[in-house]
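Given next are the chains, with one letter for each unit.
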Amino acid sequence: MELQKFSYDNKIVKQFAYATMLWGLVGMLVGLIAALQLFIPALNFDLPYTSFGRLRPIHTNAVIFAFVGNGIFMGVYYSLQRLLKARMFSDFLSAIHFWGWQLIIVLAALSLALGYTTGKEYAELEWPIDILITLIWVVFGWNMFGTIIRRRERHLYVAIWFYIATLVTVAMLHIVNSIEIPVSLTKSYSWYAGVQDALVQWWYGHNAVAFFLTTPYLGLMYYFIPKAANRPVYSYRLSIIHFWALIFLYIWAGPHHLLYTSVPDWAQSLGVVFSVMLIAPSWGGMINGLLTLRGVWDKVREDIVLKFMVVAVTAYGMATFEGPMLSLKSVNAIAHFTDWIVAHVHVGALGWNGFLTFGILYYLIPKMFNTRLYSNKLANLHFWIGTLGILLYAVPMYWAGFMQSSMWKDFTPEGQLKWQFLDTVTKMIPFYAARAVGGTLYLTGVIIMTYNLIKTVKMGSFTANEETEAMALSGEYHSHAKDHWHRWIERKPIQFMIVSLVVVAIGGVIEFVPAFLVKSNIPTISSVKPYTPLELEGRDIYVREGCYTCHSQMIRPFRSETARYGEYSKAGEFVYDHPFQWGSKRTGPDLAREGGKYPDSWHYNHMLEPNSMSPGSIMPTYSWLLDDDFQASGIGAKIRAMQTLGVPYPEGYDKIAEADMMKQAEQIAASLKKDGIETDAQKEIVAVIAYLQRLGKDIKNADQTLTTK
Amino acid sequence: MKYMSNTKWLFLMMMAPVFGWAQQSQSAGSTYFSNALFNTLMVVIIMLLILVIVLSNSIRNIIQSDYFKERYKKMREMQSGKNLMVLFLVLFASQVQAQTAVAADSRIGGLDQFTFYFLLSIILLEVIVVILLFNILRTYTKNELSVVMQPDAQAAPAKPERTIMDVFNASVEIEKEEEIMLDHDYDGIKELDNNLPPWWKYGFYLTILVGVVYLIHYHVTGTGDLQVAEYNKEVAKAKLEVEEFMRTSANNVDETSVKYLTASTDLDAGSKIFVANCVACHGKAGEGNTVGPNLTDNYWLHGGSIVDIFKTVKYGWPDKGMKSWKEDFSPMQIAQVASYIKSLVGSNPPNAKAAQGDLFNEGAAPAPADSTQTGATTAPADSLQKK
């Protein structure tokens, strides 16, 4: 054993820290604009690039993958080196990782603004970017495992367990959910359809929360809380149990996003029970974090870093208790599709991810710049303004969500719905405004922090390479007699990775295999036919404009929904939907049975000026649909892609699809003309109308009795 | 230990009514679980039960700590014996009370009175137990403190402070931490090996148990309603309620009984509905626009009698873009808006759309072809929606 001298790479940490701040500001600003659009529709600017349907995915992607993503890498690159007593494996890989990730972010923002989207929430990026993400993720993993192999610390600390679980699970989720068939460089169709696509998507969506927003941050918590508090971690035993339980159980809970939908009952029930079982493992992390602070609570009152972290961990505890509650069917029946869910998500995002990131930044920047924080006062102001912002954001949204849901479900004694959908929308306006105030406060806090940290950076001098020394590991390990059994796997990173991959794979496999292989899970309906070429084109435009961010296409089996929208949705109706478009939020009404509800001219006028047909509507205008032509020539490739995915268009249909498409377009143009609207059949609006008028028609027209068991 | 057996007793006592209830209501079990009030009460009961378990565990932890074993043994036995006596009394009293209430058949929040009061008394009981346990716990921790404070107390070595939180979590005192400090050191981070907090551990077991019971309830024994069954019940129940209401309500008009309403109150009500819902497609004054036809001339696409207009509004003409409004408005409201529309005929607003459909003649009988068509197209659509 020899004492080795080496240095920690702080430069990469600094880069990720700066990127975290920058993208945090951008992502939250976009979020604020989107929040304002909900009560000031003029802020959509009548431009495709800035309409809500495109901004909302930019906001979610920016805060998740740009802000939190860079935050993860900042914390991991800092703590990993120190926990392993080793410099990052390769500075070159670190640089590729950093610049590659920023490139992905820029491409993502641009492509989403341009309307290139797969239409699957939190996985909207098109296939070339998906591939880039995969490559950069591999670089990250390679760099991380290279460092682990070269470590000077025998055992892996609990933070690193979480990093490894994050690495393997995110890779698995991203690859499985992004399987799609490219039509062009900027367009692809999900490999899965309807119910299966929904299962895969929410397995991904739920576990993106678990393994991108939770596990890496738990890892960071396990490093930064004990460091900042200078206290030992509360319980090693608790770490072991809550870690393995958490990663095993989390994977199963995805279907709780799909309760009371066309997903088979057994899958829904699994989603419910695994969510309930998740309470304790999630809280295990919170307990271990908070109890680590035993004995130093007086310090928490003083220390700004600990203050932020305590609120973060508490918010984590609240969100992870609320999650299982929302997974109970009776609660879900009320909360789903409402702003309650938006509130829930933001308690997690603003509280847990945001505040932990701020705590880490306040800890790291002065340390790496060998100075103190520029202003404790400003940091305190940030803390209070941020906390207030979270409250002002969450409380109105909880209230509003509950209120709107109750209005949706209200019947008069005569058995009629008490409220038109629009009535419930106009009631939301003050709540949307209050929420925006909360968001503004929170963003203001972040601006204050950025200023404070820039000042701190200017005061200090940066150590790019922090010199240190440690003993090399000797080849043989002689275990102590009383070693905990878990110590074995802590010495074996590769085994650790494999075991964690197996543990996280189990839930997904058990849920997917029957859903894909057992026919009875998705009873076929013979009257459901593939989309016509024009409808398919209209559907692509629907996806492009992000209509799913405000409109669901899933009528749940409740009296209040079937009365409002018609027969509840059946699994067999979605078999040609690549991707599914069930949505997760009803800012506007459900569209699953929109077909035939209004004349073509209604839709035409409504897209041009929603307020003319629905006075008081907050939907943005879509005037460009009236001006732009759809690409009729590209339909052949789309039909061929659909055929590859198993959609039963007749052999050679791709050759005549274009002619069929124009024929239907002419019919719609003629119907519009009858109502005094002159339009060219080639306009995008015609395709959109074709699609909207098709929605839900298949079983409406069916003679057969529906299987209602 | 005697204390343990007492607690077990206590739990059995508390569970007994639950078991009793379960047996009673086996056949009706699924209806209970679909009742929101019932579920809420059950959740409260379970939460309180957890609290009771945690508290009694904490007390046990204290009692078992070497010092208190000796000192409080006698005193505690006497005390908790008394407490338990009180509990017995309360329990039995509440049971008797609940049973006397069976006879009444009025319902509370959809639950029969018996079940409601039964659950309520369990909750009350649990609250009392929690308060008692909490008091006991506080007394013990306080005593422990006072021992530390008194320098001349029983020659005990200075006893470290244990907070209620420590007791809850079964943590080792901070001063004794060295005993459970592991030899781990990661960049200066050390790890303790504290016990799993008992409330956390048993809470975890409980959620697993809940999960298993849930799956059995819905998928093995089939006692729980899956979503389609639940939906069918919901709709059937609502249908009965509406029928019951309509039987006694003056609101009950349909296409066989609708009359042209000319009272100004009715026309005003109809006008309000028209402005809020119809003007987008039919214009502010009913003159028609690019979407819907003119309603002010006497030409009608689907008939101009009050019965025809009523039916058009009620069932819609989905193929032509007129939606059905029967889920949105009561029959009376539909009659009012239909009457208002009929009152518009001949009002000659500006920008009126060209006439569509046939001239309506009040005296003549409605065209037979038209009326059969209406019946044929609306009936199946109606039944489809109801299913």
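About the thresholds
- Residues numbered from 1 in each chain as written.
- Chains lettered and ligands numbered in written order.
- Predicted model: local features only at pLDDT ≥ 70, side-chain atom pairs only at ≥ 80, totals over all residues.
- Helix = DSSP H or I, 4+ residues; strand = E, 2+ residues; numbered from the N terminus.
- Rg over C-alpha atoms; globule rule 2.2 N^0.38 Å.
- Buried ≥ 20, exposed ≤ 12 C-beta atoms within 10 Å, placed from the backbone.
- Contact = placed C-beta atoms within 7 Å.
- Core = buried A, V, L, I, M, F, W, Y, C linked by C-beta atoms within 7 Å.
- Domains from an automatic or database assignment.
- Nonpolar A, V, L, I, M, F, W, Y, C, P; charged D, E, K, R; others polar.

> It is not clear to me how the overall build of chain A should be interpreted in this structure. Could you clarify?
For chain A, the helix and strand inventory stands at 27 helices and four strands. Taking 709 residues into account, the globule formula puts the C-alpha radius of gyration at 27 Å, and chain A, at 26 Å, falls close to it. Projected onto its principal axes, the C-alpha coordinates of chain A cover approximately 85 × 50 × 50 Å. Here chain A holds 709 residues, and 57% of them are scored as buried. For chain A, restricting intrachain contacts to residue pairs at least 6 apart in sequence, the fraction spanning at least 24 positions comes to 83%.

> Help me out: how do you make sense of the nonpolar core in this one?
One recurring pattern in soluble globular proteins is that nonpolar side chains are buried together. Counting residues in each nonpolar core, the largest one holds 244 residues, and the members touching the most others are Tyr77(A), Phe308(A), Met309(A), Ala312(A) and Tyr362(A). Broken down by element, the residue count for this core peaks at 23 residues, all from helix α6 (residues 194-229) of chain A. What Tyr362(A) contacts, discounting residues up to four positions off in sequence, is Ile304(A), Val305(A), Phe308(A), Leu373(A) and Ala379(A). Counting residues in each nonpolar core, the second largest holds 24 residues, with Val258(B), Cys278(B), Phe310(B) and Tyr340(B) among its members.

> Could you clarify how one ought to interpret the environment of Gln643(A) in this entry?
Along the polypeptide, Gln643(A) turns up in helix α24 (residues 635-644). Remark: the alpha-carbon pair of Gln643(A) and His97(A), spanning 546 residues in sequence, is separated by 38 Å.

> Looking at this model, I keep getting lost on the domain arrangement of chain A. Mind explaining?
It is common to report an interface's size as the accessible area lost on association of the parts. All names here are of chain A. By domain assignment, chain A separates into domain 1 (7-467 + 487-511) and domain 2 (533-700). Centre-to-centre, using C-alpha coordinates, domain 1 lies 33 Å away from domain 2. On the side of domain 2, 46 residues touch domain 1, which itself brings 41 residues to the contact. Of all elements in the fold, only α2 (52-84), β2 (180-184), β3 (187-190), α6, α14 (376-409) and α15 (421-426) reach the threshold of two or more residues within the side of domain 1 that touches domain 2. A total of five residues in the side of domain 1 that touches domain 2 trace back to one element, the largest contributor, which is α2. Grouping the constituent residues of the side of domain 1 that touches domain 2 by class yields 21 nonpolar, 13 polar and seven charged.

> How should I be thinking about the interface of chain B and chain A in this particular structure?
Taken together, the contact pairs 56 residues of chain B with 64 residues of chain A. Of all the secondary structure elements, the ones that give two or more residues to the side of chain B that touches chain A are α3 (36-64), α7 (198-220), α8 (227-247), α10 (279-282) and α13 (368-386) of chain B. Residue contributions to the side of chain B that touches chain A peak at eleven residues, all from α7(B).

> Please explain the environment of Thr186(A) as it appears in this structure.
Summarising the element assignment, Thr186(A) is placed in the loop between β2 and β3. Ignoring anything within four residues of it in the chain, the contact list for Thr186(A) reads Tyr116(A) and Glu126(A).

> What exactly am I supposed to notice about helix α26 (residues 684-694) of chain A here?
For the α-helix, the turn length of 3.6 residues means that residues three or four positions removed from each other point alike. Residue and element names in this part refer to chain A. Along α26, eleven of the eleven residues are buried, which leaves the element largely enclosed by surrounding structure. Of all the residues in α26, the buried ones are Glu684, Ile685, Val686, Ala687, Val688, Ile689, Ala690, Tyr691, Leu692, Gln693 and Arg694. Along its buried surface, α26 packs onto α19 (533-544), α21 (600-608), α23 (624-627), α25 (653-674) and α27 (697-700). Once α26 finishes, glycine 696 follows within two positions and takes phi at roughly 80°, a positive value.

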